[in-house]
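Residues per chain, in single letters:
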Amino acid sequence: MPSVLSTKILTPPQKNLLINAGLSLTEYKAIQIEILELPQERYKDHYPHAIITSQKAAELIKHFSIGKCYCVGDKTALSLKDDGFLVEAKANNAKDLAEAILQNYRNHSFTFFGSQQRRPELSEMLRESDIDLKEVFVYKTHLIPKQFNRSFDAVLCFSPSGVDSLFKVNASLDSNLICIGNTTATQAKKYSKRVYVSSKTSVESLIVKAVQLLRP
């Protein structure tokens, strides 16, 4: 039976998608999120143009005053819309979002909401093009390394930090790495040549990719 390692704890319906496809599942929590305390004035300010690149950031800014949102991923966009925010632009990864901003919104000033460990591509691309960008870090990501003395046919990877956490103590791991987006895949390629990307930035799409790869 093909084996899958998930670097986050899946919901029961998500687990069933793998098990019903005839795959064995091992799961663990590769990262821990620490919510950061912000000065009170941060909550009182208005942010006309906000960049949100993760679902966790979307959860943490629901009480902020925001004009328009520019986000990464279908789930992040849906979360923002459910909280009453206007999603002006959406992309599959941070690089594509930066390119969309440069092409269509370069006259605006932006505020990024996310992790202290955020990937640098988006901010670097905007600043190199003289886009005004402020960053508000609303959470911090901690690695939780766990060593596995066995191999897996595939590993489900959900974030660049999760990839780093996995390989911090599993440097010799030789598995197919299935990533939830191009940003995570870029980090995974530092450790393996066998990297695959889900068609959408959702857990379900990631699982479908694993089933297609292991049960063709």
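The residue count restarts for each chain, going from 1 along the sequence in the order it is written. pLDDT decides what is reported in this predicted model: residues at 70 or higher carry local features, side-chain atom pairs at 80 or more are listed and counted, and totals for whole chains, interfaces and linings draw on all residues regardless. Side-chain descriptors were evaluated using all non-hydrogen atoms of the structure, hydrogens and water having been removed beforehand.

Draft legend 1. Highlighting the pairing of strand E7 (residues 110-115). The cut-offs for exposure are 20% and 50% of the maximum accessible area for each residue type, with area from a 1.4 Å probe on protein chains only; residues under the lower value are buried, those over the upper are exposed, and the others partly exposed. Runs of E in the DSSP output that reach at least two residues are strands. Runs of H or I that reach at least four are helices, and both are numbered from the N terminus. With 6 of 6 residues buried, E7 lies mostly within the body of the structure. In this analysis, strands are considered paired if DSSP registers two or more bridges between them. Sheet topology places strand E4 (residues 46-52) next to E7; 3 bridges connect them, and they run parallel. Residue isoleucine 52 lies in a different strand from E7, and its bridge partner there is phenylalanine 113. Across 6 bridges, the pairing between E7 and strand E8 (residues 133-143) is parallel. Looking at the pairing, phenylalanine 110 lines up with leucine 133 of E8. On the question of chirality, the crossover connecting E7 to the parallel E8 by way of helix H6 (residues 121-128) is right-handed. With the strands aimed away from the viewer, a crossover counts as right-handed if its path from the first strand over the helix to the second runs clockwise.

Draft legend 2. Up close: the nonpolar core. Grouped together as the largest cluster of nonpolar side chains are 19 residues, with contacts concentrated most on Ile52, Ile61, Phe64, Ile66, Leu80, Phe113 and Val138. Only E4, helix H3 (55-60), strand E5 (65-72), helix H4 (74-82) and E8 provide two or more residues apiece to this core. The contact definition used throughout considers only heavy atoms, calling two residues in contact when any of these lie within 4.5 Å. Among all residues touching isoleucine 52, those that are not within four sequence positions of it are Ala57, Ala58, Ile61, Cys69, Tyr70, Cys71, Val72, Thr76, Leu80 and Phe113. If you look at the next biggest cluster of nonpolar residues, it comprises 18 residues, including Ile51, Val72, Ala91 and Leu122. As used here, the term nonpolar core means buried Ala, Val, Leu, Ile, Met, Phe, Trp, Tyr and Cys residues forming a set that is joined through side-chain atoms within 4.5 Å.

Draft legend 3. Seen up close, the environment of tyrosine 47. Mapping tyrosine 47 onto the fold places it in strand E4. Take tyrosine 47: its relative accessible area is 5%, and that puts it in the buried class. Counting along the chain gives 20 residues from tyrosine 47 to glycine 67, while the straight-line C-alpha distance between them is 6.1 Å. Those residues in contact with tyrosine 47 that sit more than four places away from it in its chain are Arg42, Phe64, Ser65, Ile66, Gly67, Thr111 and Phe113.

Draft legend 4. Molecular detail of the side chain of serine 123. When you line up the elements, serine 123 lands in helix H6. With relative accessibility at 5%, the residue serine 123 sits in the buried group. Reaching out from serine 123, the side chain makes a polar contact with the backbone oxygen of proline 120 at a distance of 3.1 Å. In contact with serine 123, other than residues within four places in its own chain, are Arg118, Leu133 and Glu135. Two N or O atoms form a polar contact when they lie within 3.5 Å of each other; inside protein one atom must be a possible hydrogen donor and the other a possible acceptor, and for residues adjacent in sequence the pair counts only when both atoms belong to side chains.

Draft legend 5. View of the packing of helix H5 (residues 94-104) against H6. Every axis in this analysis is a line fitted to C-alpha atoms, fitted for helices over the stretch in contact. Angles between the N-to-C directions lie between 0 and 180 degrees. Remark: H5 packs on H6, axes separated minimally by 8 Å, with the N-to-C direction vectors making an angle of 20 degrees. Between H5 and H6, the interaxial angle falls into the category roughly parallel. Seen from above, H5 lies across H6 with right-handed handedness. Residue-level contacts link Ala94, Lys95, Leu97, Ala98, Glu99, Ile101 and Leu102 of H5 to Leu122, Met125 and Leu126 of H6. We call Asp, Glu, Lys and Arg charged. Ala, Val, Leu, Ile, Met, Phe, Trp, Tyr, Cys and Pro are nonpolar, and the rest, Gly among them, are polar. Looking at side-chain class alone, the contact of H5 with H6 contains 8 nonpolar, no polar and 2 charged residues. Between 65 and 115 degrees an angle is taken as roughly perpendicular, under 35 as roughly parallel, over 145 as roughly antiparallel, and anywhere else as oblique. Rotating anticlockwise by less than a right angle from the far helix to the near helix defines a left-handed crossing, while the corresponding clockwise rotation defines a right-handed one.

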